[in-house]
Amino acid sequence: MNREELIAAIKEIASPYTGDKTALDQINEETNFITDLKINSANLVDIILDLEEKFGIEIDNDSMSKMLNVKSTIEIIEAKLAENDRK
Amino acid sequence: MIGNDVVDLRKAGLESNWKRKGYLAKICTPEEQQMILEASNPTVVLWLIWTMKEAACKIIQRKTGIRNYVPLHFHCEDLPCYNEHLKQGSPMLTGKLSYFGDDSLFREDFHIKSEINASLIHSIAVSNISHFEELHLQYLRPAINYREEFNNLSKLYLLASTPSGLPELVHQITGQKHAVSVSHHGDYLAIVYSDSLLLTD
C-alpha cells in the first residue's frame, strides 16, 4: 500500500468520528486527529481498534502514544505491516 | 497548573461503545478495568476515570509542550469517594491519580475533583491540593465565540489562545497569566481558572 492509499484508508476509518467534514476532505499527512479533525480523544481508541482490524496489526502502547496525526499513524501502520511480513 | 475534562454522557453514549473488544484494555489498567466492571454503573465509572486521566494529561501537556496519547501512563489507584457518592448522592467527589513517565521512575501525583450528574461528568486536576482554593468553574454554551462570551461575563480576565491552541488567561489589571484549562464535549464547555494560581505555578 502506498501513502495515498493509506491516507484514504485512515480517512475512511476516521470519518464516523469527526464532525468536521471539511477538514476530513482536506486530510493530509500533517492532519492532527484532535486539533484538526476535532475527534474526541475517547474516539481515538476506536480509530486505533479499527486500524488494527483493517490491517491485521497490533498497535502497542508505545506506538499508540504517537498516533495523534496522520503522518505518525502511517509510519506505525507501515512498521507493523513490515513486522507481520517478517513473521 | 490545572487541567480539566468534561464528558457529555448523552454524546458519549451515542458515539463511544466502550464494550467493544479491546477498548478498555487500551485505556485502562487491569485495576481500573476491574473497578469499572464491578461498579453498579460501569459506564459512569469508566467516564469518571477517563475524565480524571484527561484532566491530568492537560497538565502534563502544558509542562512538556507535548501531547502524547498515553492513557495507560495515568493510574487511578482507587475511587474511594465514588462509593460515598453513591451512598450520599453527593455530586462532588475527590480522588487521586498518578502519572508515570516512560521510565517508570518518573512519577507525578495529581489531586482530582469530579462532578457527576445525570448529563455530564467533569473532572479538575491539580498538582497540589491547596490549588483547589480560589478556583472557578464556568460552564458556557459551546459556541465558536465562547471566549468572547467568557470575556463579557468576566470583566477581570481576558481569555485567549496560544499559537499552539492552548488556552491563555490574562488578568486585565496586572497583566499576569493565570492558570486556566478549557474542555468541550457535546453540549458542554467548561472553563476552569484560578484567581491565585499563575500559569507557570
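The paragraphs below set out a description of the structure included in this document.

Reading the values: rules and limits
Residues numbered from 1 in each chain as written. Chains lettered and ligands numbered in written order. Predicted model: local features only at pLDDT ≥ 70, side-chain atom pairs only at ≥ 80, totals over all residues. Heavy atoms only, no water. Contact = heavy atoms within 4.5 Å. Buried area = accessible area lost by both parts, 1.4 Å probe. Salt bridge = Lys/Arg side-chain N within 4 Å of Asp/Glu carboxyl O. Polar contact = N/O pair within 3.5 Å; in protein donor to acceptor, adjacent residues only side chain to side chain. Helix = DSSP H or I, 4+ residues; strand = E, 2+ residues; numbered from the N terminus. Nonpolar A, V, L, I, M, F, W, Y, C, P; charged D, E, K, R; others polar. Disulfide = S-S within 2.5 Å. Buried < 20%, exposed > 50% of the residue type's maximum accessible area, 1.4 Å probe, protein only. Expected span 1.5 Å × (residues − 1). Arc of directions from axis to C-beta.

A few points about the interface of chain A and chain B
Chain A puts 19 residues into the contact, and the matching count from chain B is 18 residues. Between chain A and chain B the total buried area reaches about 1,600 Å² when both faces are included, carbon and sulfur atoms providing 54% of it. Its largest share of buried area at the contact with chain B, chain A owes to Val 45, Leu 49 and Met 64 of chain A, together 28% of the area lost on that side. Where Arg 20 of chain B meets Glu 53 of chain A, a salt bridge forms, and the shortest distance between an N and an O atom there is 3.3 Å. Where chain A packs against chain B, one counts eleven residue pairs in polar contact (both at pLDDT 80 or more). For the side of chain A that touches chain B, the secondary structure elements donating two or more residues are helix H3 (41-55) and helix H4 (61-64) of chain A. Looking at the side of chain A that touches chain B, the element that brings in the most residues is H3 of chain A, giving eleven residues. Of the residues that constitute the side of chain A that touches chain B, the class distribution is ten nonpolar, five polar and four charged.

Here's the deal with the state of the cysteines
Residues and elements named next belong to chain B. Going through the model one piece at a time under the given rule, you end up with zero disulfides over all chains. Cys 28 provides the cysteine sulfur closest to Cys 57, a residue in no disulfide bond, and the two sulfurs are 14 Å apart. Judged by relative accessible area, which is 8%, Cys 57 ranks as buried.

Concerning helix H1 (residues 3-14) of chain A
All names here are of chain A. In a regular helix each residue adds 1.5 Å, so twelve residues correspond to 16 Å; H1 covers 16 Å between its end C-alpha atoms and thus fits that length. Along H1, the residues classified as buried are Leu 6, Ile 7, Ala 9, Ile 10, Ile 13 and Ala 14. Buried residues in H1, looked at end-on, bunch into an arc of 160 degrees, giving them a common side. In this structure, H1 carries Glu 4 and Glu 12 as exposed residues pointing more than 90 degrees from its buried face.

Some thoughts on unusual backbone geometry
Residues and elements named next belong to chain B. Its identity as a non-glycine residue notwithstanding, Glu 134 has a phi of 60 degrees, on the positive side. When you line up the elements, Glu 134 lands in the loop between strand S5 (120-126) and strand S6 (135-140). Notably, Lys 155 is not glycine yet its phi reads approximately 65 degrees, a positive angle. Looking at Lys 155, the relative accessible area reads 65%, which means it is exposed.

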